[in-house]
Amino acid sequence: MIKNKLQSLSSKVVHAAVLFLLICVITALVGCTPKIYNVDLRYQPTKKIAPAFADGRKFTVTVARFSDLRKMDDTLLLGRVITSGGTSTPVLPRYVKAPDAVADALRKLLVQSGFHVSLEKAVWDQQEKTILPGWGTILVGGSIDELDVTCLDNIPIKKYSARARITLVFADVQKKKIFYRVSSESSSSLEHVVFSEEKLEDQINGVLAEAMEKIFEGKETARRIREAVH
């Protein structure tokens, strides 16, 4: 009888120990889940852009900080990761906010396209009267109309989606005149068995780059700039 009681007590102790370990594991896993995800918003070329000008003309292009016109309460937000249980975790920029990151991405694209780009980071409200004569030959500003990445973190498939819509505004600095306004958009989707911040980053940078590259790969933008330079 005493032996049976000892066996019963031992069984309860084992069950309690297993339950305690299980709680510890779950707590550790929950504790490891980040409260936010971060992505490095930057220009990652999706294609090679041919030089816009091949006749040797030199002029300076200044890029202004972008306006963030996304319809959302918190424009720091770049997206969300949503689990099958309904938990939503925000995706935020790792280094700089979207308006500065998009402007820097445009600078890199312009350099790749053969333009001489000023190091100055202008702040412009896209009004002709506020253009300053020291901003080179061509001034480019614009707005972020859409920029978002989402991941549905289900098991076993993770579904990523991203979209971007960018408007660029080109101005002749010396004439203080806006001569071209153009918008471009891009979207993407990806299904994968692995979730990572790197995949979030690749998706949002991919749509940002493609939206901007579309503006410069055609002939119209180059033609408008050429006319303004003449």
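Up top you'll find the structure we're talking about.
Residues numbered from 1 in each chain as written. Predicted model: local features only at pLDDT ≥ 70, side-chain atom pairs only at ≥ 80, totals over all residues. Heavy atoms only, no water.

A. Summary view of the side chain of N38. With respect to the helices and strands, the residue N38 is situated in strand β1 (residues 37-39). Taking the relative accessible area as the measure of exposure, N38 reaches 19% and is therefore buried. Dropping the residues within four chain positions of it, N38 is found in contact with L92, P93, R94 and E197. (Helix = DSSP H or I, 4+ residues; strand = E, 2+ residues; numbered from the N terminus. Buried < 20%, exposed > 50% of the residue type's maximum accessible area, 1.4 Å probe, protein only. Contact = heavy atoms within 4.5 Å.)

B. Seen up close, the packing of aromatic side chains. The tally for this structure, following the rule as stated, stands at 7 aromatic pairs. With a centroid separation of 6.1 Å and an interplanar angle of 70°, the aromatic rings of F59 and F115 are classed as edge-to-face. Note that F59 is positioned in the loop between β1 and β2 (60-64) and F115 in the loop between α2 (98-112) and β6 (116-122), a separation of 56 residues in sequence. Judged by its relative accessible area of 8%, F59 is buried. Given the relative accessible area of 8%, F115 is considered buried. (Phe/Tyr/Trp six-rings, centres within 6.5 Å; stacked < 30°, edge-to-face > 60°.)

C. Geometry of a nonpolar patch on the surface. A cluster of nonpolar residues, I157, V193 and V194, forms a patch on the protein surface that exposes about 220 Å² of accessible area. Considering the arrangement of structural elements, one finds V193 in the loop between β9 (177-192) and α3 (197-217). Taking the relative accessible area as the measure of exposure, V193 reaches 56% and is therefore exposed. (Patch = residues over 30% accessible without salt bridge, like charges linked within 9 Å, V, L, I, M, F, W, Y side chains within 5 Å. Areas by Shrake-Rupley, 256 points an atom, 1.4 Å probe, with all protein chains shown as cover. Salt bridge = Lys/Arg side-chain N within 4 Å of Asp/Glu carboxyl O.)

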